[in-house]
Amino acid sequence: MINRGDVVKHIMHLDNRPFNLIKEGIKTIELRLYDEKRRQFKERDIIEIINRNTTEKILVEIEKLYVFDNFKELYNELDEDLIVYNIKEMEEFYSKEEQSELGVIGIKIKRI
């Protein structure tokens, strides 16, 4: 994390598929647990996304943050077409116990 005034630059690593979906503008909401790292995110912050497979980098700006208790609530409120992954896939990454403990976040992003 690099702090430049009121805008902070964060680093996030993604696998090839989600990286390319963001790069192509198809994936506009990144889903994560609302852990300590994500609690630092603020609207207008910058995220440098690094492809784990190729080390290619892209920059995105955080447009909006959506915080919920779990992915079921998040999917009920947000447009699933923007999310790309379904609830079952997200629960393969993050257990219901982790969701219950930390909550979840939808990070609406745009390439810059």
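Residues numbered from 1 in each chain as written. Predicted model: local features only at pLDDT ≥ 70, side-chain atom pairs only at ≥ 80, totals over all residues. Heavy atoms only, no water.

## Section: the overall build of the chain
Logical step 1: Along the backbone of the chain there are 5 helices and 6 strands.
Logical step 2: What you see in the chain, going N to C, is helices and strands ordered as β-β-α-β-β-β-α-α-α-α-β.
Logical step 3: The C-alpha radius of gyration computed for the chain amounts to 13 Å, which stays within 12% of the reference 13 Å derived for 112 residues, consistent with globular compactness.
Logical step 4: Across its three principal axes, the chain shows a C-alpha extent of roughly 35 × 30 × 25 Å.
Logical step 5: For the chain, the share of sequence-separated contacts (at least 6 apart) that also reach a separation of at least 24 residues comes to 72%.
Logical step 6: For the chain, the accessible surface area stands at approximately 6,700 Å², while carbon and sulfur atoms represent 45% of it. (Helix = DSSP H or I, 4+ residues; strand = E, 2+ residues; numbered from the N terminus. Rg over C-alpha atoms; globule rule 2.2 N^0.38 Å. Contact = heavy atoms within 4.5 Å. Areas by Shrake-Rupley, 256 points an atom, 1.4 Å probe, with all protein chains shown as cover.)

## Structural notes on the side chain of Gln-99
Logical step 1: Within the secondary structure, Gln-99 sits in helix α5 (residues 96-102).
Logical step 2: Among all residues touching Gln-99, those that are not within four sequence positions of it are Leu-33, Asp-69, Asn-70, Phe-71, Glu-91, Tyr-94 and Val-104.

## Side note on the pattern of salt bridges
Side-chain pairs of opposite charge can arise where the charged atoms are in close proximity.
Logical step 1: In the structure shown here, the tally under the stated rule is 8 salt bridges.
Logical step 2: With a shortest N-O distance of 3.6 Å, Glu-48 and Lys-9 are connected by a salt bridge. With Glu-48 in strand β4 (residues 46-51) and Lys-9 in strand β2 (residues 7-14), this pair connects stretches of sequence that are 39 residues apart.
Logical step 3: Classification of Glu-48 by relative accessible area gives buried; the value is 13%.
Logical step 4: Note that Glu-30 is salt-bridged to Arg-32, the shortest N-O span being 2.9 Å. Assigned by exposure class, Glu-30 and Arg-32 land together as buried.
Logical step 5: The network of salt bridges with common partners includes Lys-27, Glu-30 and Arg-32. (Salt bridge = Lys/Arg side-chain N within 4 Å of Asp/Glu carboxyl O. Buried < 20%, exposed > 50% of the residue type's maximum accessible area, 1.4 Å probe, protein only.)

## What about the side chain of Arg-32?
Logical step 1: Within the secondary structure layout, Arg-32 lies in strand β3 (residues 29-33).
Logical step 2: One polar contact links Arg-32 to Glu-30, side chain to side chain, over a distance of 2.9 Å.
Logical step 3: Non-local contacts of Arg-32, meaning those with residues more than four positions away in its chain, are made with Met-12, His-13, Leu-14, Arg-38, Phe-71, Tyr-94, Val-104, Ile-105 and Ile-107. (Polar contact = N/O pair within 3.5 Å; in protein donor to acceptor, adjacent residues only side chain to side chain.)

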